[in-house]
Amino acid sequence: MSFQFPKINKMIQIKDFKNFDGKTVDTQGWVMNKRSGKGLEFIILRDGSGFAQCIVNADDVSEDIFNTANKLTQESSVKLSGKIVKDEKQIGGYELHVTDLELIGTSVDYPISNKEHGIEFLMDHRHLWLRSKRQWAILKIRNRLIYAINTFFQKEGFVQTDSPIFTPNAAEGSTTLFSSKYYDDDAYLAQTGQLYGEAMAMAMGKIYTFGPTFRAEKSKTRRHLSEFWMIEPEMAFHDNAMNMDVIESFLKYIINDVLENCKTELELLERDTTVFKNISSERFPRLTYDEAVDIIKGKKKINGKTSIEVLEADLKELKQQIEDNKAEIKAKEKEIAGGVKKGKRNFLQNRIDTLKNDIHKLEIKAGNIPKWIESAANFEYGNDFGGSDETVITIMFDVPVMVYNWPHKIKAFYMKRDAASPELAKGVDVLAPEGYGEIVGGGERETDLNLLLSKIEEHKLPMKEFEWYLDLRKYGSVPHAGFGLGLERTVAWVCGTQHIRETIPFPRYYGRLRP
RNA sequence: UCCUCCUUAGCUCAGUUGGUUAGAGCGUCGGACUGUUAAUCCGCAGGUCCUAGGUUCAAGUCCUAGAGGAGGAGCCA
């Protein structure tokens, strides 16, 4: 039995233009941009499925229609009829030669132009910013990642079971939570579904949750959101080594799926996909916390180099790049001073602005490296890694790095202690390359009831709220493990975005609640 | 909570040791142009220089306080 989507209307979507070469079709969408020549209007149409240039020629349409086309403004909505013609120069490879045009909705003084805007302005207009090409590409990739994540787990026999969002207490202690009211009780928005995931894994074997999580950390960095989506698989009868195997094949699967199915979007984002070239073939490095610390402190060589040497080489390269950019600016400025036509001058000035911007970014980077070297050298064994420490580790490799066997003191109460070395807990963090930070955190869960009891006391957590959780250890407890993947950090890494706030339609972060 | 930087036209920004009537590009609007790719060319309009106070003959520029924003630290996915 096959299912057929109902034929609701005869409108052809832009993504399907390739199937109608030479045919006359009806389509509808919004005007992204318009260029005019005498007797010619070039409309860049978007309909959510893609982008296409539509040409209105005064010879082909009535005077009324041509005038309507001539008056179209950015983001007005239109219904078009026309012939689909192949043109290699176009984004989708096809353009529409318009024979009929109908204005659906007007648009006056649309605030977002094709020129650059500052982040605050764009965020205030997030509801409209979503219409831009770049945001379209990011949301398409986000969508594909979600699809790939679900496909991977469903194929592997995981059951999707969701955890509650209202919770009576903090699951992990440390983090600040958003408080709320639940009838007459105090409640908090969930920071993780972890504990509930364990209960569901004891019922279903292998499960995953996929939902929003909330953290009231006053973090203003490119890696933080107050509301973000997390995928948390939990597997009965798995230890941490098996957990790491799952994480690695999972990441390989979803990255490959996006690379294969989002070529247009990645191209539009100008994402350098060569950074992913070793993802499928190379085994992700698995470092113990101790080994990672040695790398940070420059005691351990990778490919014959210490982290300090790599950082110093990077710094030298950055400085050279800054010098090169400065030289190019000088040359361009000289050219402008010599007198050139307006078009050429704009072009040169634009290039100069880009270079200046780059220099600014490079200088910030170059300024950071000595700080990183210093903070790496002073790293104290037993501490958690800071942002710079993570970067130092990941620059040594071109694939994600797994760090496991952490000091138990800096990890959550439910993490399993290593029987061989009691100071360590069997947790694992996965660090994404290029400074995108920790995308996965997970580990094996403690099964020893007494250890759990003492840990809950140690963390000063309310024992009463954990009684149901401790039941899981009383009735047929088994070794189990799981992890959490931050969706937005993963999207940011895949897309190569500067900031995580572009990776979710309406971001919530410290200082931003609307739109 | 702490550190650094920013706030000038609708947008992105420049504005010299404080000195006449505050500038540019883009966008809008009007015009030219029959294949444009952020089109190009010509023209018009557009300002509470974040707010309050202070120094000064004179403040966009200096000082103090406040508001808003960006980046980072800590914390984290």
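Residues numbered from 1 in each chain as written. Chains lettered and ligands numbered in written order. Predicted model: local features only at pLDDT ≥ 70, side-chain atom pairs only at ≥ 80, totals over all residues. Heavy atoms only, no water.

Asker: Looking at this structure, how should I read the sheet that holds strand 3 (residues 51-57)?
Answerer: Strand pairs in the sheet, formed through backbone hydrogen bonds, run parallel or antiparallel to each other. In space, the five strands of this closed barrel follow the order 1-2-3-5-4, with mixed pairing throughout. Recorded for the sheet is a direction-independent mean angle of 55 degrees between the axes of neighbouring strands. Strand direction decides the pairing type here: strand 1 (residues 24-37) and strand 2 (residues 40-46), joined by seven bridges, are antiparallel. For asparagine 33, the partnering residue across the bridge sits in strand 2 and is isoleucine 44. Across the sheet, helix 1 (residues 63-71) is in contact with strand 1, strand 2, strand 3 and strand 5 (94-105); its angle to strand 5 comes to roughly 85 degrees. (Pairing = 2+ DSSP bridges. Helix = DSSP H or I, 4+ residues; strand = E, 2+ residues; numbered from the N terminus. Axes fitted to C-alpha atoms, helices over the stretch in contact; angles between N-to-C directions. Contact = heavy atoms within 4.5 Å.)

Asker: Sorry, what's going on with the side chain of aspartate 47 here?
Answerer: Structurally, aspartate 47 is set in the loop between strand 2 and strand 3. Here aspartate 47 sits buried without a salt bridge, and the closest side chain of opposite charge, arginine 46, lies 7.5 Å off (N-O distance). A polar contact is formed between the side chain of aspartate 47 and the backbone nitrogen of isoleucine 14, at a distance of 2.9 Å. For aspartate 47, the side chain forms a polar contact with the main-chain nitrogen of serine 49, separated by 2.8 Å. Setting aside anything within four residues of it in sequence, one finds aspartate 47 in contact with Gln13, Ile14, Gln28, Gly29 and Trp30. (Buried < 20%, exposed > 50% of the residue type's maximum accessible area, 1.4 Å probe, protein only. Lys, Arg positive; Asp, Glu negative; His and termini not counted. Salt bridge = Lys/Arg side-chain N within 4 Å of Asp/Glu carboxyl O. Polar contact = N/O pair within 3.5 Å; in protein donor to acceptor, adjacent residues only side chain to side chain.)

Asker: Honestly, the environment of aspartate 429 in this entry has me stumped. Any pointers?
Answerer: In this fold, aspartate 429 is placed in strand 14 (residues 424-432). Between the alpha carbons of aspartate 429 and isoleucine 439 there is a distance of 7.7 Å; along the sequence they are 10 residues apart. Those residues in contact with aspartate 429 that lie beyond four places of it in its chain are Val401, Met402, Val403, Trp406, Lys411, Glu438, Val440, Gly441 and Gly442. In terms of polar contacts, aspartate 429 uses its side chain to reach the side chain of lysine 411, at 3.3 Å.

Asker: Teacher, can you tell me more about unusual backbone geometry here?
Answerer: Excluding glycine, residues mostly have negative phi values, and the peptide bonds linking residues are mostly trans. With an omega dihedral of 5 degrees, the bond running from arginine 514 to proline 515 counts as a cis peptide bond. Position of proline 515 relative to the elements: it lies in the segment after helix 14 (487-495). A positive phi is found at asparagine 303, a non-glycine position, where the angle reads about 50 degrees. By the element assignment, asparagine 303 lies in the loop between helix 8 (289-296) and helix 9 (307-337). Taking relative accessible area as the criterion, asparagine 303 reaches 75% and is therefore assigned exposed.

Asker: Explain the side chain of arginine 46 to me, please; I cannot follow it from the model alone.
Answerer: Its location among the elements puts arginine 46 in strand 2. A distance of 2.7 Å separates a polar atom in the side chain of arginine 46 from a polar atom in the side chain of glutamate 75. Setting aside residues no more than four positions away along its own chain, arginine 46 makes contact with Ile14, Gly29, Trp30, Met32, Phe51, Glu75 and Arg131.

Asker: Explain the protein's contact with RNA strand B here, please?
Answerer: With respect to spatial proximity, 49 residues lie near RNA strand B, and among them Asn33, Arg35, Lys38, Glu438 and Arg489 are the closest. Counting only the atoms of RNA strand B within 4 Å of the protein, the fraction contributed by sugar and phosphate is 58%. Within the contact set of RNA strand B, a base oxygen lies 2.6 Å away from a side-chain nitrogen or oxygen of glutamine 53. With respect to RNA strand B, the backbone of glycine 118 contributes an N or O atom lying 2.9 Å from a phosphate oxygen. Elements with a minimum of two residues in the surface near RNA strand B: strand 1, strand 3, strand 5, helix 2 (119-124), strand 11 (227-236), helix 10 (342-377) and strand 15 (437-444). Grouping the constituent residues of the surface near RNA strand B by class yields 11 nonpolar, 18 polar and 20 charged. (Near = heavy atom within 4 Å. Nonpolar A, V, L, I, M, F, W, Y, C, P; charged D, E, K, R; others polar.)

Asker: Explanation requested: the sheet that holds strand 8 (residues 179-182) in the structure shown.
Answerer: Within the open sheet, the three strands sit side by side as 7-9-8. Their pairing is antiparallel. The open sheet has two edge strands with one neighbour each: strand 7 (166-167) and strand 8. Alignment of strand 8 against strand 9 (residues 185-189), held across four bridges, turns out to be antiparallel. When the sheet's bridge partners are listed, serine 179 is paired in strand 9 with tyrosine 188.

Asker: Explain helix 12 (residues 449-458) here, please?
Answerer: Buried residues of helix 12: Leu452, Lys455 and Ile456, and no others. End-on, the buried residues of helix 12 take up no more than an arc of 100 degrees, which puts them together on one face. Structural note: helix 12 exposes Asn450, Glu457 and Glu458 on the side pointing more than 90 degrees away from its buried face. Buried-residue contacts for helix 12 involve helix 13 (467-474). Here helix 12 starts with a cap whose side-chain oxygen sits 2.9 Å from the backbone nitrogen of asparagine 450, and that cap is aspartate 448. Residue lysine 460 follows helix 12 closely and has a positive phi angle near 55 degrees. (Arc of directions from axis to C-beta.)

Asker: Looking at this structure, I do not really get the pattern of salt bridges. What am I missing?
Answerer: Charged atoms that come close allow side chains of opposite charge to pair. Overall, the coordinates contain 20 salt bridges when judged by the stated rule. One salt bridge connects arginine 142 with glutamate 488, and the closest N-O pair in it is separated by 2.9 Å. Here the residue arginine 142 occupies a position in helix 4 (residues 133-155), and glutamate 488 occupies one in helix 14, the gap between them amounting to 346 residues. For the pair shown, arginine 142 and glutamate 488 are each scored as buried.

Asker: Help me understand the packing of helix 5 (residues 194-204) against helix 13, please; the structure alone is not making it clear to me.
Answerer: Think of two packed helices as two axes; the pair is described by the angle between the axes and how far apart they sit. Two elements in contact, helix 5 and helix 13, have axes separated by 10 Å at closest approach and are oriented at 35 degrees. Every pair of crossing elements has a handedness; the one defined by helix 5 and helix 13 is left-handed. Note on element contacts: helix 13 touches helix 5 through Trp468, Tyr469, Leu472 and Arg473, opposite Leu195, Tyr196, Glu198 and Ala199. (Left-handed = near helix turned anticlockwise from the far one by under 90°.)

Asker: Can you walk me through the packing of aromatic side chains in this structure?
Answerer: Describing an aromatic ring pair means giving the distance of the ring centres and the angle of the ring planes. In total, this model carries 22 aromatic pairs according to the counting rule given. By the ring-pair criterion, three or more aromatic residues cluster together here, those being Phe152, Phe153, Phe158, Tyr208, Phe250, Tyr253 and Phe483. The ring of phenylalanine 51 has lysine 133 sitting right over it, with the charged end atom 5.4 Å from the ring centre. Above the face of the tryptophan 406 ring, lysine 411 is positioned so that its terminal group lies 4.2 Å from the ring centre. (Phe/Tyr/Trp six-rings, centres within 6.5 Å; stacked < 30°, edge-to-face > 60°. Lys NZ or Arg CZ within 6 Å of the ring centre and 35° of its normal.)

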